[in-house]
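Reading the structure
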Amino acid sequence: ARNPNLQERDLLRLLERKDLPPEVLREIAAHRETARHYGIKLALARHPKTPRLISLPILKFLYLFDLVRVSQTPAVPADVKLVAEETILKKVETIPRGERISLARRGSGRVAAGLLPSGDRDLILAALDNAFLSEAHILHVLAKQDLPPVVVETVALHEKWSRRYHLRLALIRNPSTPLPRVLEFLPDIAVNDLRDICLDRRMPEQVRKYVLAHCAERLNNKPPLAPHQE
């Protein structure tokens with residue numbers, strides 16, 4: 001790694017080995033070829049054994065979609081991925097709309113969730129179709145204050161996510177969810193859960209009345225217990 005005659009291709013070939021000790025990676029980082037070649041920096045950032053003091057400073061020099069590659073490389077340490085995702089989200093406002101939509105579709109789940117609060121319906125739909133986005137990510141977004149109504153409406157109408165039980169609970173209690181959609185969700189929600197969400201002060205009074213009336217109707221129509229169940 002200290003050999004001054006090593007060229008870019010030699011260092012990249014060396015970095016393909018995932019068992020390199022940190023000492024070797026430090027020597028590669030200090031090699032004169034590394035300062036001249038972007039590809040070596042990227043390979044160092046994606047290497048699982050690169051010391052944080054080397055990999056973290058490199059991140060701010062990487063192109064947007066190379067940061068995406070770092071955040072999606074399985075062996076990269078979690079804290080390095082987190083910094084890569086934060087760097088991506090800081091750059092979002094400076095990139096064209098088309099690239100933001102592509103990023104929403106291809107980025108990590110955390111990046112997709114970070115793009116959801118936009119008021120751009122196409123961007124929101126792209127993020128909701130992201131393969132790495134999870135229910136937990138969306139629940140976290142729906143809990144935010146001052147969330148644009150279009151985000152809630154789009155989730156409530158989404159074919160995949162609107163079927164998730166806990167997301168339906170979050171949507172029912174969210175004041176931006178369209179009332180017709182709330183009424184569609186109610187029959188599939190347990191009465192005890194409906195009663196609990198009625199305690200949420202954010203719920204509009206009109207929605208609360210519908211939910212309580214629905215609970216009362218279901219309880220009144222509950223079939224009597226069989227003799228062996230009494």
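Summarised in this report is the structure supplied together with it. Computed from a predicted structure; not experimentally measured. (Residues numbered from 1 in each chain as written. Predicted model: local features only at pLDDT ≥ 70, side-chain atom pairs only at ≥ 80, totals over all residues. Heavy atoms only, no water.)

Moving on to the side chain of Arg 181. For Arg 181, the position within the fold is in helix H14 (residues 179-185). With residues near it in sequence (within four places) discarded, Arg 181 still touches Ala 156, Leu 157 and Ser 162. (Helix = DSSP H or I, 4+ residues; strand = E, 2+ residues; numbered from the N terminus. Contact = heavy atoms within 4.5 Å.)

Moving on to the nonpolar core. One finds Val 70, Leu 103, Ile 138, Ile 172 and Val 211 to be the most contacted residues of the largest nonpolar core, which totals 65 residues. With residues up to four places along the chain from it excluded, the contact list for Val 211 reads Ile 172, Leu 186, Leu 194, Cys 198 and Met 203. (Core = buried A, V, L, I, M, F, W, Y, C linked by side-chain atoms within 4.5 Å. Buried < 20%, exposed > 50% of the residue type's maximum accessible area, 1.4 Å probe, protein only.)

A few words on the side chain of Thr 73. Counting through the fold element by element, Thr 73 comes out in the loop between helix H6 (64-71) and helix H7 (78-91). The class for Thr 73 is buried, based on a relative accessible area of 11%. Side chain to side chain, Thr 73 and Arg 46 meet in a polar contact 3.0 Å long. Looking at Thr 73, its side chain comes within polar contact range of the main-chain oxygen of Arg 69, at 2.6 Å. With near-sequence residues (within four places) excluded, Thr 73 lies in contact with Arg 46 and Lys 81. (Polar contact = N/O pair within 3.5 Å; in protein donor to acceptor, adjacent residues only side chain to side chain.)

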